[in-house]
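Fold and contact review
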Amino acid sequence: MILAAHLLLLAAGACFFARLLRGPSLTDRVLSVDGLIVCGTSALVVQAADSGDGTYLPIVVVFTLVGFIGTAVVARFIEGRGG
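Heads up: these notes are all about the structure in this document. (Residues numbered from 1 in each chain as written. Predicted model: local features only at pLDDT ≥ 70, side-chain atom pairs only at ≥ 80, totals over all residues. Heavy atoms only, no water.)

1. A closer look at the overall build of the protein chain
Which entries qualify depends on this criterion: By definition, any uninterrupted DSSP run of H or I lasting at least four residues is a helix, any uninterrupted run of E lasting at least two residues is a strand, and each is numbered from the N terminus. When accessible area is computed with a 1.4 Å probe and restricted to protein chains, residues below 20% of their type maximum are described as buried, those above 50% as exposed, and intermediate ones as partly exposed. Any two residues whose heavy atoms approach within 4.5 Å are treated as being in contact. Here the accessible surface of atoms and residues is derived via Shrake-Rupley with a 1.4 Å probe, and residues count as covered only by protein chains that are part of the display.
Each helix and strand in the protein chain was counted, giving three helices and zero strands. Order of helices (α) and strands (β) in the protein chain, N terminus to C terminus: α-α-α. Burial analysis of the protein chain (83 residues in total) assigns 16% to the buried set. Within the protein chain, counting contacts between residues at least 6 apart in sequence, those at least 24 apart form 48% of the total. Accessible surface, the protein chain: about 5,800 Å² in total, of which carbon and sulfur atoms supply 74%.

As structure tokens, this is what we get:
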């Protein structure tokens, strides 16, 4: 089951990465980076659940907060420039 979760997260990450490269707008790229952060942190959580070791969970919290703040900042920038 852990392998299936990792494979699904890898597939989702590949789709987000393709969207990052393809664009075409800034909004698409911001959402794809946010999706990549979610996939990466989810992979760390799955690994922590599999191993029973919560060492990386504070890193997950920090990455999640950085992703949220980054997305909010770029959203304010997009809103300010009118599109």
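So much for the structure itself; the text now carries on.
2. A look at the packing of helix α1 (residues 2-22) against helix α2 (residues 26-51)
Applicable threshold: To get an axis, fit a line to the C-alpha atoms, keeping to the stretch in contact for a helix; angles then go from 0 to 180 degrees between the N-to-C directions. Reported orientations rely on four angle classes, namely roughly parallel under 35 degrees, roughly antiparallel over 145, roughly perpendicular from 65 to 115, and oblique for the rest. Put simply, a crossing is left-handed when the front helix is turned counterclockwise from the back one by less than a right angle, and right-handed when it is turned clockwise. When residues are grouped by polarity, Ala, Val, Leu, Ile, Met, Phe, Trp, Tyr, Cys and Pro land in nonpolar, Asp, Glu, Lys and Arg in charged, and all others, Gly among them, in polar.
Viewed as axis vectors pointing N to C, α1 and α2 meet at an angle of 165°, and their least axial separation amounts to 8 Å. In terms of their interaxial angle, α1 and α2 are classed as roughly antiparallel. Taken as a pair, α1 and α2 cross one another with a handedness that is left-handed. Residue composition of the contact of α1 with α2, grouped by class: 14 nonpolar, six polar and five charged.

3. Quick notes on the packing of α2 against helix α3 (residues 57-81)
It is at 10 Å that the axes of α2 and α3 come closest, and there the two elements cross at 170°. The orientation of α2 with respect to α3, classified from their angle, is roughly antiparallel. Two secondary-structure elements touch here, α2 through Leu26, Thr27, Val30, Asp34, Ile37, Thr41, Leu44, Val45 and Ala48 and α3 through Leu57, Ile59, Val60, Phe63, Thr64, Gly67, Thr71, Val74, Phe77, Ile78 and Arg81.

4. Thoughts on the environment of isoleucine 2
Secondary-structure assignment places isoleucine 2 in helix α1. The partly exposed category is assigned to isoleucine 2, whose relative accessible area is 30%. Isoleucine 2 sits 72 residues away from valine 74 along the chain, and the two C-alpha atoms are 34 Å apart. When near neighbours in sequence (up to four residues on either side) are disregarded, isoleucine 2 contacts Val46 and Asp50.

By themselves, these observations are geometric and do not establish any function.
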